[in-house]
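Reading the structure
Read off the chains here:
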Amino acid sequence: MTELTISPEIKIMGVVNTTPDSFSDGGKFDSLDKAFAHAQSLIADGADIIDIGGESTRPGAQPVEPEEEIRRTVPLIAALREVSAIPISIDTSKPEVMQAAVAAGASMINCIWALRLDNALEVAAELEVPVCLMHMQGTPQTMQQDPRYDDVVGEVSDFLRRRIDAALAAGIAEERLLIDPGFGFGKTIEHNLRLLKALPQLRRLGRPLLVGLSRKKMIGTILDKPADQRLYGSLSLAVTAALLGADILRVHDVAETADAVGMVRAFGEVF
Ligand code: 9MG
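Anyway, here's the lowdown on the structure attached to this text.

Right, let's talk about the nonpolar core for a bit. Counting 77 residues, the largest nonpolar core has Ile109, Leu115, Leu199 and Leu249 as the members making the most contacts within it. At eight residues, helix α5 (residues 152-169) tops the list of elements feeding residues into this core. With residues near it in sequence (within four places) discarded, leucine 199 still touches Pro181, Phe183, Leu209, Val211, Ala241 and Leu244. Grouped together as the second largest cluster of nonpolar side chains are seven residues, Met13, Met108, Cys132 and Leu210 included.

Written as structure tokens, this is what we have:
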């Protein structure tokens, strides 16, 4: 029997992609004005954190140079910082982008490579901001070709433990670390569902859990829906993750998720 573990502090992270080829919003926010207006609407809808990314991480996406990622994200971070004190997370794996984003006002790093790129551990340690370490098998270019595990939960958990240890050894304070099983990053539907069910076990690694399931391909495949019709599937996974101990939900549909999470919070209070 899977235990219910509702985080009293559960937070909603709203996604702003500034990439022309993002899988879930079709690159709708790839100009500064549009991305800024979108971020402001997510804040009005109840986001607790805004996650800004300048490189698509969808399966098969091509990498971009750090200069281009900085050009796409830093003006938006600076503009948002002028009007709001909301925590801003930079979705990047590149140390140069981390530095530029934090200098412009970002206060968290969301790293799908779990700080495995050259110099990323050292730079993240110097920046002294919270860092999310995510599991990924392979690279965004190859990860969905044939993902395999003998024991997906054990392997993801061991990987996250090792990345926590590497971050600690680099001088990143433990209280600044978050972890994420990386749904859809080198995983089949069965892998994703096993990891979702194992969230209470991953929580025993002792760090807050960030979970990103919103609009992902798994929902499209199970329900046979394109990316713009995955709201109800996304909400049901958000509620499931919230009941199983997620601390931060990374989502596109903030207002709807805030209502769903509000109900879970009320339920958590009677425990
Ligand atoms: C950038 N990005 C896309 N999906 C993600 C997920 O599931 N987790 C995190 N941390 N970042 C993600």
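Strand order in the open sheet formed by eight strands is β6-β5-β4-β3-β2-β1-β8-β7, with parallel pairing between adjacent strands. Of all strands in the sheet, those with a lone pairing partner are β6 (177-180) and β7 (210-211), marking the two edges. Here strand β5 (residues 131-134) runs beside β6; their pairing, made up of four bridges, is parallel. Bridging from a neighbouring strand, methionine 134 pairs with aspartate 180 of β6.

Two elements in contact, helix α2 (residues 66-83) and helix α3 (residues 95-104), have axes separated by 8 Å at closest approach and are oriented at 15 degrees. On the basis of their axis angle, the class for α2 and α3 is roughly parallel. Considering the relative orientation of α2 and α3, their crossing is right-handed. Facing α2, whose interface residues are Pro66, Glu69, Ile70, Thr73, Val74, Ile77, Ala78 and Arg81, α3 presents Glu96, Val97, Ala100, Ala101 and Ala104.

Time to look at unusual backbone geometry. For leucine 115, which is not glycine, the phi torsion reads 60 degrees and is therefore positive. Here leucine 115 shows up in the loop between β4 (108-111) and α4 (120-127). A relative accessible area of 1% means that leucine 115 is categorised as buried. One non-glycine residue, glutamate 128, adopts positive backbone phi at about 55 degrees.

Turning our eyes to something else, we now look at the site of the ligand. In the vicinity of the ligand, the contacting residues are Thr57, Asp91, Asn110, Ile112, Met134, Asp180, Phe185, Leu210, Gly212, Lys216 and Arg250. Here a nitrogen atom of the ligand and a side-chain polar atom of aspartate 180 are 2.6 Å apart. Within the backbone of glycine 212, an N or O atom sits 3.2 Å from an oxygen atom of the ligand. Protein contacts shield 97% of the accessible area of the ligand, which totals 310 Å² for the unbound molecule.

One can describe the packing of α3 onto α4 by two numbers: an axis separation of 9 Å at closest approach and a directional angle of 15 degrees. Relative to α4, the element α3 lies roughly parallel. α4 is crossed by α3, and the crossing has right-handed handedness. On the side of α3, the interface is formed by Pro95, Met98, Gln99 and Val102, while α4 contributes Ala120, Val123, Glu126 and Leu127. Among the residues making up the contact of α3 with α4, the classes are represented as six nonpolar, one polar and one charged.

Okay, the pattern of salt bridges next. Taken as a whole and assessed by the stated rule, the structure comprises twelve salt bridges. Notably, a salt bridge pairs glutamate 68 with arginine 72, separated by 2.9 Å at the nearest N-O pair. Remark: arginine 72 and glutamate 68 occur in helix α2; sequence separation between them is four residues, near one turn of the helix. Among the ionic contacts, a cluster of salt bridges with common partners joins Asp51, Asp91 and Arg250.

Next up on the list: the pairing of β6. Residues of β6 alternate between two faces, with Leu177 and Ile179 on one and Leu178 and Asp180 on the opposite face, all of them buried. Remark: the β5/α5/β6 crossover connection has right-handed handedness.

Turning to the state of the cysteines, a few remarks are in order. Counted according to the given criterion, the structure contains zero disulfides. As a non-bridged cysteine, cysteine 111 has cysteine 132 as the owner of its nearest cysteine sulfur, 8.6 Å distant. Among the residues examined, cysteine 111 registers a relative accessible area of 0% and is labelled buried.

Criteria and thresholds
- Residues numbered from 1 in each chain as written.
- Predicted model: local features only at pLDDT ≥ 70, side-chain atom pairs only at ≥ 80, totals over all residues.
- Heavy atoms only, no water.
- Core = buried A, V, L, I, M, F, W, Y, C linked by side-chain atoms within 4.5 Å.
- Buried < 20%, exposed > 50% of the residue type's maximum accessible area, 1.4 Å probe, protein only.
- Helix = DSSP H or I, 4+ residues; strand = E, 2+ residues; numbered from the N terminus.
- Contact = heavy atoms within 4.5 Å.
- Pairing = 2+ DSSP bridges.
- Axes fitted to C-alpha atoms, helices over the stretch in contact; angles between N-to-C directions.
- Parallel < 35°, antiparallel > 145°, perpendicular 65-115°, else oblique.
- Left-handed = near helix turned anticlockwise from the far one by under 90°.
- Near = heavy atom within 4 Å.
- Polar contact = N/O pair within 3.5 Å; in protein donor to acceptor, adjacent residues only side chain to side chain.
- Areas by Shrake-Rupley, 256 points an atom, 1.4 Å probe, with all protein chains shown as cover.
- Nonpolar A, V, L, I, M, F, W, Y, C, P; charged D, E, K, R; others polar.
- Salt bridge = Lys/Arg side-chain N within 4 Å of Asp/Glu carboxyl O.
- Right-handed = clockwise from strand over helix to strand, strands pointing away.
- Disulfide = S-S within 2.5 Å.

The quantities given are spatial measurements derived from coordinates; they are silent on function.
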